[in-house]
Amino acid sequence: MTARPRPPRSSLWWGRRGLTPDAGAPAPDALPGAADVLVVGAGLTGLCTAVLLARAGHPPVVVDGRAAGAGTTGHSTAKLSLLQGSVLQRLHQHAGADVVSAYVRANRAGQLWLLEELRRRDVDVQAQLAVTYAVTDEGARKVDREAEVARAAGLAVEGLDDAGLPFPVRAAIGLRDQAQFDPLEVIGALREELTELGGTLVEGARVTGASWSRPWRVATTAGDVVATRVVLATQYPVLDRGLHFARLRASRSYAMAYRLPDSGRVPRGMSLSLDSPTRSVRTAPDPDGDLLLVGGNDHETGRGGSTRAKADELDEWARRHFAVGDALWSWSAQDYRTSRQVPSVGALPGTGGSLLVATGFDKWGMTNAAAAAHVLVGDLMGEPPEYASGLRSVGVNPRDVASSLRHNGSVGFRWVADRVVRALPAPTSDPPAEGAGRVEGGPFGPAAVSTVDGRTCRVSAVCTHLGGVVSWNDVERSWDCPLHGSRFTADGIRIEGPATKDLRPSGSD
Ligand SMILES: Cc1cc2nc3c(=O)[nH]c(=O)nc-3n(C[C@H](O)[C@H](O)[C@H](O)COP(=O)(O)OP(=O)(O)OC[C@H]3O[C@@H](n4cnc5c(N)ncnc54)[C@H](O)[C@@H]3O)c2cc1C
Ligand code: FES
């Protein structure tokens with residue numbers, strides 16, 4: 001049997017433009033040396049924040065280590081929906097009905113603002129029915145519970161007899177008039193408005209550190225910027241000195257895009273299953289005919305074994321149910337969940353309100369990023385939106401503590417197990433097979449060795465954030481840290497996560 005060709009590793013959004021999300025180094029004078037507000041990260045959160053600041057008469061400087069949209073935004077399935085899987089029931093269980101209500105108000109405000117922005121900038125947005133469904137009894141119970149909590153929070157959720165999917169389902173609910181788009185068109189519209197309003201966007205300038213006192217001297221690979229206020233819109237906050245965010249969990253998911261054949265089964269709406277593994281489905285218009293996007297198989301970054309097996313299983317599921325051919329593009333990406341179940345948005349403690357973060361969107365960042373931008377800018381201007389206090393009222397309850405102890409416990413276990421107990425294989429001169437990687441060597445100098453495109457690389461296996469030992473990701477051909485989700489290329493260049501530095505040369509630990 002001949003092996004099926006692997007589709008290009010790129011998101012549909014970057015792939016169909018023939019672009020990669022990397023930016024070269026900026027021109028020597030591109031980065032201003034001073035800024036009132038510096039926004040780090042040009043994903044949806046950073047650019048919504050920057051546009052709101054510019055509209056308020058404070059055009060900021062925005063820097064991104066890669067290209068705008070290079071992060072999760074440009075790898076999202078981009079459903080702009082208030083029906084968000086099992087988010088509301090989890091939030092209800094953690095924090096009660098008032099917080100669910102504040103969360104829905106925040107997301108509705110974010111959704112409306114973004115829709116209005118996209119309408120004004122003439123971006124193609126498709127109105128869609130959002131569908132949540134289940135194929136198992138356990139999943140069906142969750143679907144019913146989500147409908148109950150959502151209706152109590154004022155969402156017009158309806159039961160569906162037909163989920164519009166080519167297989168039987170046990171339960172399905174829908175919410176009309178939600179939306180989907182191409183996230184890079186959104187990024188393009190926001191950057192255009194930012195520039196028109198006098199803001200500055202510098203791509204290819206990665207933040208590597210900052211001073212310990214104000215004004216913040218922020219070091220980037222393109223020079224330093226002295227800023228009065230800094231917004232970290234980098235998902236995991238890259239300058240978290242107090243480890244406030246050590247409880248954030250990074251979760252990766254897989255996605256693929258296929259051409260829908262004429263005789264293919266076209267799903268109705270944008271759907272998400274509440275079963276395990278999760279399945280996300282939507283269509284996307286394309287000049288050469290509609291496309292099908294499937295996503296799912298999430299797992300904690302750097303844990304859970306072969307990522308190739310997860311991607312292959314998702315591909316097999318799509319072919320079986322939708323009669324599609326070979327995938328055109330295949331990709332994966334990660335987002336973070338807080339132990340409080342609500343995004344963390346606002347100033348870091350001890351910074352006098354001048355170092356702000358927004359993270360923990362739990363794979364619902366299209367609405368949450370726009371809502372978070374309003375909170376951040378409201379905080380900076382002294383007028384946060386009414387829903388901000390409701391979301392901030394979520395305390396840490398005993399269940400949160402237990403969950404975070406379990407997570408940190410397993411993180412600690414990984415650290416000890418990886419560095420001390422686990423007997424790493426002794427170094428060998430045999431290079432790994434093409435596309436494979438292994439960690440080898442003793443506890444005081446584990447090395448990460450991989451072969452990609454015929455080139456064997458050996459770098460330190462110790463993550464430059466807090467010393468986790470990285471694992472090989474055979475889909476992305478990257479080194480992924482199981483502690484807080486930092487990721488590095490095969491030759492050790494930092495891709496994403498809280499680490500700001502590349503992996504060190506092997507033997508330097
Ligand atoms: C597979 C998948 C599918 C999803 N689908 C949906 C969906 O359908 N609907 C939905 O609502 N949400 C979805 N999400 C979630 C949503 O995409 C994210 O929550 C959202 O895009 C996060 O935006 P952001 O701007 O906060 O982060 P990002 O888009 O990741 O932007 C962060 C930026 O910061 C930059 N950066 C990081 N570190 C540095 C540094 N040190 N210096 C300079 N720049 C730096 C990065 O390059 C990046 O551009 C999905 C998530 C995943 C993983
Ligand atoms: S990401 Fe924190 S130790 Fe690696």
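All of the points below concern the structure found in this document. These numbers come from a predicted model, not from an experiment. Per chain, the residues get numbers from 1 upward, laid out in the order the sequence is written. Numbering of ligands from 1 and lettering of chains from A proceed in the order in which they are written. The predicted origin of the model limits local features to residues at a pLDDT of at least 70 and limits the giving and counting of side-chain atom pairs to 80 or more, whereas totals for whole chains, interfaces and linings rest on all residues. The side-chain quantities take in all heavy atoms of the structure and omit both hydrogens and water.

## Observations concerning the pattern of salt bridges
At step 1: Salt bridges are identified by distance alone: a Lys or Arg side-chain nitrogen within 4 Å of an Asp or Glu carboxyl oxygen. What the rule picks out here adds up to 39 salt bridges.
At step 2: Linking Glu-203 and Arg-191 is a salt bridge whose minimum nitrogen-to-oxygen distance equals 3.0 Å. Of this pair, Glu-203 sits in strand S7 (residues 200-203) while Arg-191 is found in helix H6 (residues 183-196), placing the two residues 12 residues apart along the sequence.
At step 3: Judged by its relative accessible area of 30%, Arg-191 falls in the partly exposed class.
At step 4: A salt bridge links Glu-300 to Arg-303, with the shortest nitrogen-to-oxygen separation between them at 3.9 Å.
At step 5: For every residue, the accessible area obtained with a 1.4 Å probe (protein chains only) is divided by the maximum for its type, and the residue is called buried under 20%, exposed over 50%, and partly exposed between those limits. A residue is classified by how much of its surface remains accessible, and Arg-303, at 17% relative accessible area, is buried. In this text, helices come from DSSP runs of H or I with a minimum length of four residues, and strands from runs of E with a minimum of two, each type numbered from the N-terminal end.

## Notes on the packing of helix H3 (residues 87-95) against helix H5 (residues 137-152)
At step 1: In this analysis an axis means a line fitted to C-alpha atoms, helices contributing only their contacting stretch, and an angle means the value between N-to-C directions, from 0 to 180 degrees. Across the interface, H3 lies against H5 with an axial gap of 8 Å and an inter-helix angle of 70 degrees. As summarised for this structure, H3 and H5 are arranged roughly perpendicular, according to the angle between their axes. Residues Val-87, Leu-88, Gln-89 and His-92 of H3 touch H5, and the partners they reach there are Lys-142, Arg-145, Glu-146, Val-149 and Ala-150. Any angle between 65 and 115 degrees counts as roughly perpendicular, while under 35 counts as roughly parallel, over 145 as roughly antiparallel, and the rest as oblique. Residue contacts are defined here by distance: any two heavy atoms, one from each residue, within 4.5 Å place the two residues in contact.

## Remarks on the site of ligand 1
At step 1: The environment of ligand 1 is formed by 33 residues, the closest being Thr-45, Asp-64, Thr-73, Asp-335 and Met-366.
At step 2: In the analysis that follows, any N or O atom pair within 3.5 Å is treated as a polar contact, provided that within protein one partner can donate a hydrogen and the other can accept it, and provided that, for residues neighboring in sequence, both atoms belong to side chains. Within the backbone of Gly-65, one N or O atom sits 2.9 Å away from a nitrogen atom of ligand 1.
At step 3: Contacts to ligand 1 include Lys-363, whose backbone N or O atom sits 3.0 Å from a nitrogen atom.
At step 4: Accessible surface is estimated by sampling points in the Shrake-Rupley manner with a 1.4 Å probe; for residues, cover comes only from the protein chains shown. Here ligand 1, which alone exposes 1000 Å², has 96% of that area covered by the protein.
At step 5: Sorting the residues of the shell around ligand 1 by element identifies helix H2 (44-55), strand S15 (329-337) and helix H8 (365-381) as the ones contributing at least two each.
At step 6: Considered class by class, the residues forming the shell around ligand 1 number 12 nonpolar, 15 polar and six charged. It suffices for a single heavy atom of a residue to lie within 4 Å of a molecule or strand for the residue to be listed as near it. In this classification, Asp, Glu, Lys and Arg are treated as charged, Ala, Val, Leu, Ile, Met, Phe, Trp, Tyr, Cys and Pro as nonpolar, and every other residue, Gly included, as polar.

## Examining the packing of aromatic side chains
At step 1: The rule is short: rings of Phe, Tyr and Trp, with Trp giving its six-membered ring, pair when the centres are within 6.5 Å, and they are stacked under 30 degrees, edge-to-face over 60, tilted in between. Summed over all chains, the structure comprises five aromatic pairs.
At step 2: Summarising the aromatic geometry, the rings of Tyr-133 and Phe-167 are spaced 5.9 Å apart at their centres and angled 50 degrees between planes, so their arrangement reads as tilted. Taken together, the positions of Tyr-133 in strand S4 (residues 126-134) and Phe-167 in the loop between strand S5 (158-159) and strand S6 (171-180) put the pair 34 residues apart, joining distant regions of the chain. A single burial state applies to Tyr-133 and to Phe-167, both of which are buried.
At step 3: Ring plane angle 75 degrees and centroid distance 5.7 Å describe the contact between Tyr-236 and Tyr-336, whose orientation is recorded as edge-to-face. Separated by 100 residues along the polypeptide, Tyr-236 in the loop between strand S10 (223-232) and strand S11 (249-259) and Tyr-336 in strand S15 bring together distant segments of the chain. Taken individually, Tyr-236 and Tyr-336 each receive the classification buried, so the pair is uniform in this respect.

## A short note on helix H4 (residues 97-120)
At step 1: Between its first and last C-alpha atoms H4 spans 35 Å; for 24 residues at 1.5 Å apiece the expected length is 34 Å, and the two agree.
At step 2: Phi for Asp-122, located one or two positions after H4, is positive at around 65 degrees. A helix is expected to reach a length of 1.5 Å times the quantity of its residues less one.

## Remarks on the sheet that holds strand S18 (residues 437-440)
Across a sheet, strands are paired by hydrogen bonds formed along the backbone, either parallel or antiparallel in direction.
At step 1: At least two bridges found by DSSP between two strands are what make those strands a pair. Reading across the sheet, the three strands line up as S18-S19-S20 and stay open at both edges, with antiparallel pairing between neighbours. Looking at the sheet topology across the chains shown, the edges are occupied by S18 and strand S20 (455-460). Between one strand axis and the next, the sheet turns by 20 degrees as a mean value, whatever way the strands run.
At step 2: Summarising the sheet, strand S19 (residues 447-452) and S20 pair through six bridges and their orientation is antiparallel. What sits directly across from Thr-451, in S20, is Thr-456.

## Here's the deal with the nonpolar core
As a rule of thumb, soluble globular proteins bury nonpolar side chains together.
At step 1: In these notes, a set of buried Ala, Val, Leu, Ile, Met, Phe, Trp, Tyr and Cys residues joined through side-chain atoms within 4.5 Å is what counts as a nonpolar core. The biggest cluster of nonpolar side chains holds 86 residues, and the ones touching the most others in it are Leu-12, Leu-88 and Leu-114.
At step 2: Excluding residues within four positions of it along the chain, Leu-114 makes contact with Leu-44, Cys-48, Leu-80, Phe-181, Val-186 and Met-366.
At step 3: Core analysis: the next-biggest nonpolar cluster, separate from the first, contains 25 residues, Trp-216, Val-230, Leu-239 and Val-357 among them.

## Brief notes about the sheet that holds strand S24 (residues 494-496)
At step 1: Overall, antiparallel pairing links the four strands, which are arranged S21-S22-S23-S24 in an open sheet. Taken across any chain shown, the strands that pair with only one partner, and hence form the sheet edges, are strand S21 (471-473) and S24. Neighbour-to-neighbour, the strand axes of the sheet open up by a mean angle of 35 degrees, direction not taken into account.
At step 2: Both strand S23 (residues 487-489) and S24 contribute to a ladder of two bridges, which runs antiparallel. Within the sheet, the bridge partner assigned to Arg-487 lies in S24 and is Glu-496.

## Overview of empty space enclosed by the protein
At step 1: In this analysis a 1.4 Å probe is tested at points of a 1 Å grid over the protein atoms alone, and where it fits but cannot get out there is a cavity; an open set with protein on both sides within 12 Å along at least five of seven lines is a pocket; lining residues have an atom within 4 Å of a point. Grid points are joined across faces, edges and corners, and a volume is the space filled by probe spheres set on the points. On inspection of all chains with the given rule, the structure shows four cavities of 30 Å³ or more.
At step 2: Approximately 60 Å³ is the volume found for the largest cavity.
At step 3: Around the largest cavity, the lining residues are Val-87, Arg-90, Leu-91, Tyr-103, Gln-341, Pro-343, Gly-360, Phe-361, Asp-362, Trp-364 and Asn-368.
At step 4: The leading source of residues in the lining of the largest cavity is H3, at three residues.
At step 5: Broken down by class, the residue content of the lining of the largest cavity amounts to six nonpolar, three polar and two charged.
At step 6: One number sums up the size of the second largest cavity: a volume of about 40 Å³.
At step 7: Around the second largest cavity sit Lys-79, Ser-81, Leu-83, Ala-130, Val-131, Thr-132, Met-270, Ser-271, Leu-272 and Trp-364, which together line it.
At step 8: Of all the elements in the fold, those that place two or more residues in the lining of the second largest cavity are S4 and strand S12 (270-273).

## A few points about the side chain of Arg-279
At step 1: You can see Arg-279 is positioned in strand S13 (residues 279-284).
At step 2: According to the relative accessible area criterion, Arg-279 is buried, its value standing at 5%.
At step 3: There is a polar contact of 2.9 Å between the side chain of Arg-279 and the side chain of Asn-297.
At step 4: Sequence-distant contacts of Arg-279, that is, excluding residues within four places in its chain, are made with Tyr-133, Ser-271, Leu-272, Ser-273, Gly-295, Asn-297, Glu-313, Leu-314 and Trp-317.

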